[in-house]
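Structure at a glance
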Amino acid sequence: MAGLWRCILAVVMLMCVHLWDSAEAVGGAKSRPRPQRRPPKKPKITPIDLTQPEQDIDIERMLGTWYLLNTASKCSYLINHGTKVEPTVITITRTATSNETLSVSTKTRHNHQCWEILQVYHLTSVPGRLTLKGSRPEQNIEIVIGDTDYNSYAIMYYQKQGKITMKLYGKSVDNLSEPLLTKFEELAAKQNLQRAYHFPFPTYSHCGDVDRDHVINCVPTC
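Everything in this summary refers to the structure shown in the same document. Each chain carries its own residue numbering, running from 1 in the written order of its sequence. For a predicted model such as this one, the threshold for reporting local features is a pLDDT of at least 70, and the threshold for listing and counting side-chain atom pairs is 80 or more; totals across whole chains, interfaces and linings nevertheless cover every residue. By convention in this description, side-chain values take in all heavy atoms of the structure and omit both hydrogens and water.

So, about the packing of aromatic side chains. Remark: the centre distance and the inter-plane angle together describe each pair of aromatic rings, the angle taken between the planes. Each aromatic pair joins two rings of Phe, Tyr and Trp (for Trp, the six-membered one) with centres within 6.5 Å, and gets the label stacked for planes under 30 degrees apart, edge-to-face for over 60, and tilted for any other angle. On inspection of all chains with the given rule, the structure shows 0 aromatic pairs. Counted as over-ring charges are cases with an Arg CZ or a Lys NZ within 6 Å of the ring centre that also lie within 35 degrees of the ring normal. Against the face of Tyr-158 rests Lys-167, its NZ or CZ located 4.9 Å from the ring centre. Above the ring of Trp-66, the side-chain terminus of Lys-171 is found at 4.5 Å from the ring centroid.

Laid out in structure tokens, this is it:
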């Protein structure tokens with residue numbers, strides 16, 4: 001008799017389960033918890049994004065000729081062979097055809113020949129931040145005027161493909177004072193960069209008019 005009751009109980013339980021499944025089919029599928037949305041990806045922060053331009057930078061006062069006095073980088077070759085790098089002179093002028101760009105002439109020596117590179121820096125919505133456009137967006141060089149007094153020195157940051165380089169320019173080749181060099185080193189340390197030149201920069205030689213065959217025109221892009 002006990003076995004009979006167990007069989008009846010089992011049948012009743014099976015019927016209840018069947019009726020429950022049928023009710024779900026008629027009334028709709030059983031609600032499931034919604035999958036949680038993935039949090040949006042945080043925007044990628046590059047080293048130069050952490051570098052703020054000089055406040056209220058006056059781009060007009062940056063025009064003119066600047067002499068490269070020192071460089072800081074993570075490039076081991078540059079650090080070990082910095083004294084072999086030739087002096088470099090850049091001249092910044094307003095572009096005649098646009099108020100949104102600057103014309104930049106860079107003159108340096110290579111193999112005892114004077115070379116000139118012509119480029120265009122694009123102004124951005126952030127004063128003191130410029131872009132040198134490459135053939136593709138990922139090859140753009142982002143530039144920040146980090147510190148300057150306009151009259152004697154300017155510290156500029158250059159970033160390409162996530163790698164940053166600092167350059168110290170002077171209005172004169174005689175502007176590399178010990179306090180300025182210390183300031184440059186402190187700023188470089190914040191970026192984990194090492195100074196390339198530990199001795200006075202090589203003597204500047206005159207590169208006036210450059211032979212046409214030694215002009216590299218990177219306008220509008222390079």
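This part is about the environment of Gln-113. Strands here mean DSSP runs of E at least two residues long; helices mean DSSP runs of H or I at least four residues long; both are numbered from the N terminus. Within the secondary structure, Gln-113 is located in strand E4 (residues 113-123). For the pair Gln-113 and Val-210, spaced 97 residues apart in sequence, the C-alpha separation works out to 8.9 Å. Residues count as neighbours in contact if any of their non-hydrogen atoms are within 4.5 Å of one another. Residues contacting Gln-113, with those up to four places away along its chain left out, are Thr-108 and His-214.

Ranked by size, the top nonpolar core spans 19 residues in total, and within it Met-62, Trp-66, Tyr-121, Ile-143 and Tyr-169 carry the most contacts. When contributions to this core are tallied by element, the ones reaching two or more residues are strand E1 (64-73), strand E2 (88-94), strand E3 (101-110), strand E5 (129-132), strand E6 (141-148) and strand E7 (153-160). If you tally residues by element for this core, the top one is E7, at 3 residues. For Tyr-169, the residues in contact, after removing those within four places along its chain, are Trp-66, Tyr-67, Leu-68, Leu-69, Ile-90, Ser-152, Tyr-153, Ala-154, Met-156 and Tyr-158. Judged by nonpolar contacts, the second largest core, of 15 residues, contains Tyr-153, Ile-155, Ile-164 and Leu-193. For this analysis, a nonpolar core means a set of buried residues of the types Ala, Val, Leu, Ile, Met, Phe, Trp, Tyr and Cys, connected via side-chain atoms within 4.5 Å. For each residue, the accessible area found with a 1.4 Å probe, counting protein chains only, is set against the maximum for its type, and the residue is called buried under 20%, exposed over 50%, and partly exposed in between.

What follows deals with the environment of Gly-128. Considering the arrangement of structural elements, one finds Gly-128 in the loop between E4 and E5. Taking the C-alpha atoms as reference points, Gly-128 and Ile-145, 17 residues apart in sequence, are found 5.2 Å from one another. Apart from the residues lying within four places of it in its own chain, the contact partners of Gly-128 are Pro-53, Ile-57, Ile-143, Val-144 and Ile-145.

This next bit is on the pattern of salt bridges. Think of a salt bridge as a Lys or Arg side-chain nitrogen and an Asp or Glu carboxyl oxygen that are within 4 Å of each other. One pass over the structure, following the stated rule, counts 4 salt bridges. With its nearest N and O atoms 4.0 Å apart, the salt bridge here joins Arg-129 to Glu-142. In this pair, Arg-129 sits in strand E5 while Glu-142 sits in strand E6, placing the two residues 13 residues apart along the sequence. Comparing Arg-129 with Glu-142, the two get one shared label, buried. Salt-bridge contacts for Glu-138 lead to Arg-136; the nearest nitrogen and oxygen are separated by 2.8 Å. Taking the relative accessible area as the measure of exposure, Glu-138 reaches 47% and is therefore partly exposed. Judged by its relative accessible area of 42%, Arg-136 falls in the partly exposed class.

Worth remembering: the numbers are spatial, not functional.
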